[in-house]
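Remarks on the overall topology
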Amino acid sequence: MNWDALATYGPRMLQGLVVTLQLVAISITLGALLSIPVALARMSRSRILRAISFGYMYFFRGTPLLAQVFLVYYGAGQFRTQLDSIGLWWLFKDAFFCCVLTFTLNTGAYQAEILRGAIRAVPAGQREAAMSLGLKPRQIFRKIVMPQAILIALRPLGNEVILMVKGSSVAAIVTVFDLMGVTRLAYSRTFDFQVYLWAAVLYLVVVEIIRRVWDKLEHRLTRHLRSA
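Every value quoted in this text rests on a predicted model; they were computed, and no experiment measured them.

1. Let's talk about the overall build of the protein
Tallying secondary structure elements over the protein gives ten helices and zero strands in all. Start at the N end of the protein and walk to the C end: the helices and strands fall as α-α-α-α-α-α-α-α-α-α. Structurally, the protein occupies a C-alpha span of about 70 × 55 × 25 Å along its principal axes. Counting across all 228 residues of the protein, residues that qualify as buried make up 39%. Summing over all exposed atoms, the protein offers an accessible surface of approximately 13,500 Å²; the carbon and sulfur share of this is 66%. Separation of charge centres in the protein, based on 25 positive and 11 negative side chains, amounts to 13 Å.

2. Some remarks on the environment of Glu208
Structurally, the position occupied by Glu208 is in helix H10 (residues 194-221). Relative accessible area serves as the criterion here: at 29%, Glu208 is assigned to the partly exposed category. Residues Glu208 and Tyr74, 134 residues apart in the sequence, show an inter-C-alpha distance of 34 Å.

3. Focus on the layout of surface pockets
Here the largest pocket defines a volume of roughly 310 Å³. Along its surface, the largest pocket is lined by Leu40, Met43, Ile119, Arg127, Met131, Pro137, Arg138, Ile140, Phe141 and Val145. For the lining of the largest pocket, the secondary structure elements donating two or more residues are helix H7 (124-132) and helix H8 (137-167). For the lining of the largest pocket, the element with the most residues is H8, which contributes five residues. A breakdown of the residues in the lining of the largest pocket according to their chemical character gives eight nonpolar, no polar and two charged. Taken as a whole, the second largest pocket holds about 270 Å³ of empty space.

Rules behind the numbers
- Residues numbered from 1 in each chain as written.
- Predicted model: local features only at pLDDT ≥ 70, side-chain atom pairs only at ≥ 80, totals over all residues.
- Heavy atoms only, no water.
- Helix = DSSP H or I, 4+ residues; strand = E, 2+ residues; numbered from the N terminus.
- Buried < 20%, exposed > 50% of the residue type's maximum accessible area, 1.4 Å probe, protein only.
- Areas by Shrake-Rupley, 256 points an atom, 1.4 Å probe, with all protein chains shown as cover.
- Lys, Arg positive; Asp, Glu negative; His and termini not counted.
- Charge placed at Lys NZ, Arg CZ, Asp CG, Glu CD.
- 1 Å grid on protein atoms, 1.4 Å probe; cavity = no way out; pocket = protein on both sides within 12 Å on 5 of 7 lines; lining within 4 Å.
- Points joined across faces, edges and corners; volume = space filled by probe spheres on them.
- Nonpolar A, V, L, I, M, F, W, Y, C, P; charged D, E, K, R; others polar.

Next up, the structure:
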């Protein structure tokens, strides 16, 4: 064990872990907000909305996350003049913002597909029963369909959060000093492979905490479905 390297870079790796958690938390939250209209558009009667939402989901689910990060981070530089003229270049020149934007679009596509499947999985009899009680379509969706869809989607959404934590390591490639970014810096200065082992342990701890918290959340929210 290289205690000197651990003492030097351990605190910085913890700071990098905080950046990773911030990156994931912001992206997952914004992606969840984005997924609702996209999922609804995917099920819309409008061919235009269905086509647009399908194209968005197809692209972001079918291409590597690293390629998407490169497209946003390096591609934005090709439009610097236009972005500068509308006052947005200060955002796109920031690597953290580019990663948040890319991760949001990526996880939003996955969450939209999860939500769409969950909504379709709600039995049609639930809607019919609500209609017989005189509820309006919006009330049916908000009070009957959506709560049940969220319960159905809980497990795959938990998997998406975990995948996002692990996938966030690509941010290090575009100079974001998240956990992997600090790890790469530490290795470039120490040439000690142990720093990657420490990073792997930290990722493993985070994933395990998320898994346990998600299990508790799912167990609590679905307690009414279990037999007494």
